[in-house]
Every structure is written in C-alpha cells, then in structure tokens.
Amino acid sequence: MNAPSEAISLDDKYTRHEGRVLINGAQALVRALILQRELDRRAGLNTAGYVSGYRGSPLGGVDQSLWAARKHVQAADITFQPGVNEDLAATAVWGTQQLAVMGDATVDGVFGLWYGKGPGVDRSGDPLKHGNYSGTHPNGGVLAVVGDDHPGKSSTVAHHSQQAFAAHSIPTLYPADAAEVVPFALHGWAMSRASGCWVGFKMVNETAEQTMTSDFSLDDFSVEAPQGVELPPEGVHFRGQFAPARDEQILRRHRLP
C-alpha cells in the first residue's frame, strides 16, 4: 500500500518555509514579505513590514495578491496601505525608515516595500531620491519594486527604469523569473540594511505575470554581509539630520561601494 501523499494547498506559498509551491510574480512578493518577517524572528528581531504603492500593469495584481493573502499578511505583522499615488506611497515608506528618531517605537525595525510602474518612478523621483540619500534603518530596509513594460504592451509609452534608479543612486536587482523574486527580495532587504540604500527591484511583464513552481528553502538561505568595510563615524543609516552635503559624501564614498 502506498504511503499517503503530503497534503497540498494553494496557501502553501504563504505558509511553507521550504519545498515546492505554485506561485506567480505578484504572489512571490507577498511570500517574500512573509519570509522576511520569519527570517527576522529567527534572528531574534521583532520587526514589522509596511507596503504601499500604486497599481499599474505589470504590477496590477500586487494589491489583489496582498488582499487575497490578508490573513497571512496580518499574521506576519505586515501593514498594506495602498497609496493615493506613487509619490505619496513612497513618502510613507520613507517614513518607516525613521524609526531611530521615534521615542515610542514598538518594533525593532520596519522593512518597507514600495511598488509602481515605470512612469510612477518618474513622478516619484523626490521621495525616492531623498529617501535613498537620507538612509534606511539597520533593521528595516526598503525595496522599490518597479513594473517595467519594455514593449509598451499595456502602457502609454514603453519604459524601463534602470536609468532613473541610477540617477537617484539606487542600485537595482532584476530577477529573471517568478522563482527568483523571493531570494532576490530577501537579498535586497539585506543589502538595504547593510548599505543604508534603498534597493530597486525590477519586474517585467513576463516575470510579474508568470505562474510557475518554485522550490525554495528558508533553512538553506543565508546572507553573507561584507566584512572590513570602511564606515563613516556617523554610520550609513538614517540619522534624523538635515545635512545634504554630508549625505552625498556618505552615499558616494560608503553606501554605494
């Protein structure tokens, strides 16, 4: 007699920390948020997550995926607040990294996720650039997820955002498929925490709309932080000071390298 097979559920993508799951690109972002919270818990950190953005193809399904997974998102202490527009959403995410100057914080850090399509990056240059220059929280970090429509499939103009991110001094990660979204996102938050930079996260139509099986184990995932890095006396994270020239020096000499 064959042994009973393991029960399989479509919720596995949000409840399992290892093994094969069926997932699409938008759902993978939700899974990454939940797994980041679990990574922090294992590290002894009491963190929370915050997501805000503005829907637009190819990321039009992100808010729907977050709402569909509401019980799992809320259980992981992740707050989803859709933005009235992209720049107000980015400003809200920027605020989550200012925890160090808040005297009544109830968590050790807030990892943030902003999302919008390519033209949303254009209109949100102010908070994206200023948030990046002012720095992140060492237990927080920010992913700026952009949906790029190279062929102009569902946009008024074809667009790609690497040049805009580069102009704002935001490094960019570019997963090749839905399966790479989770490990790239987890590395992205680690990069943001270590460097103080926001990290751009590029998703194209084929990645955001793709559904596939993904095999990932959080137990086997690890991040190797850079060693021997020269840091400025005041560090690389948000300080709550208005010092544009110094922020520029820290960004160029320390954060980006």
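Relevant structure appears above.
The rules behind each value
Every chain begins its residue count from 1, and numbering advances along the sequence as written. Only residues with pLDDT of 70 or above have their local features reported here, since the model is predicted, and side-chain atom pairs are shown and tallied only from 80 upward, although totals for entire chains, interfaces and linings are computed over all residues. Hydrogens and water molecules were not included; the side-chain quantities draw on all heavy atoms of the structure. Helix numbering and strand numbering both begin at the N terminus, where a helix is a DSSP run of H or I of at least 4 residues and a strand a DSSP run of E of at least 2. C-alpha atoms define the radius of gyration in this analysis, and the globule rule sets the expected value at 2.2 Å times the number of residues to the power 0.38. Only protein chains enter the accessibility calculation, which uses a 1.4 Å probe; a residue whose area is less than 20% of its type maximum is buried, one above 50% is exposed, and one in between is partly exposed. By the convention used here, residues are in contact when the closest approach between their heavy atoms is within 4.5 Å. The accessible surface values rely on the Shrake-Rupley method and a 1.4 Å probe; as for residues, cover is taken only from the protein chains in view. Counted charges follow a simple rule, with Lys and Arg positive, Asp and Glu negative, and His plus the chain ends left uncounted. Charge positions come from single atoms, namely NZ of Lys, CZ of Arg, CG of Asp or CD of Glu. Any Lys or Arg side-chain nitrogen found within 4 Å of a carboxyl oxygen on Asp or Glu counts as a salt bridge. Strand pairing is assigned whenever DSSP identifies at least 2 bridges connecting the two strands. Helix axes are fitted only over the stretch in contact, all axes being lines through C-alpha atoms; the angle between N-to-C directions runs from 0 to 180 degrees.

## Quick look at the overall build of the protein chain
Here is step 1 of the chain: Within the protein chain one finds 11 helices and eight strands.
Here is step 2 of the chain: Its C-alpha atoms give the protein chain a radius of gyration of 18 Å, near enough to 18 Å, the size a compact globule of 257 residues would have.
Here is step 3 of the chain: Dimensions along the principal axes, computed over C-alpha positions, put the protein chain at roughly 70 × 45 × 35 Å.
Here is step 4 of the chain: Across the 257 residues that make up the protein chain, the buried fraction comes to 52%.
Here is step 5 of the chain: Within the protein chain, contacts between residues separated by at least 24 positions form 79% of all contacts whose residues are at least 6 apart in sequence.
Here is step 6 of the chain: Of the roughly 12,100 Å² that the protein chain leaves accessible, carbon and sulfur atoms contribute 52%.
Here is step 7 of the chain: In the protein chain, 21 side chains carry a positive charge and 28 a negative one; their mean positions are 2 Å apart.

## Overview of the pattern of salt bridges
Here is step 1 of the chain: Considering all chains together, one arrives at 14 salt bridges under this definition.
Here is step 2 of the chain: One salt bridge in this structure joins Arg-42 and Asp-219, with 2.7 Å as the shortest N-O distance. Placement of the pair is Arg-42 in helix H2 (residues 25–42) and Asp-219 in the loop between strand S8 (211–215) and helix H11 (244–255), with a sequence separation of 177 residues.
Here is step 3 of the chain: Residue Arg-42 is classed as partly exposed on the basis of its relative accessible area, which comes to 39%.
Here is step 4 of the chain: Residue Arg-123 is joined to Glu-86 by a salt bridge in which the shortest nitrogen-to-oxygen separation is 3.6 Å. With a gap of 37 residues between them, Arg-123 in helix H6 (residues 118–123) and Glu-86 in helix H5 (residues 86–96) connect regions that are remote in the sequence.
Here is step 5 of the chain: Glu-86 gets classed as buried once you look at its relative accessible area, which sits at 8%.

## A word on the sheet that holds strand S5 (residues 142–148)
Here is step 1 of the chain: Strands sit in the order S3-S2-S4-S5-S7-S6 across an open sheet of six strands; the sheet is parallel. Strands with a single pairing partner mark the edges of an open sheet, and in this sheet they are strand S3 (78–80) and strand S6 (172–173).
Here is step 2 of the chain: Bridge count between S6 and strand S7 (residues 199–204): two bridges; the pairing is parallel. Its bridge partner being in S7, Thr-172 is matched across the sheet by Gly-200.
Here is step 3 of the chain: Lying on the sheet, H2 is in contact with strand S2 (47–53), S3, strand S4 (109–117), S5 and S7; it crosses S4 at an angle near 170°.
Here is step 4 of the chain: Set on the sheet, helix H9 (residues 178–195) makes contact with S2, S4, S5, S6 and S7; between it and S7 the angle comes to about 160°.

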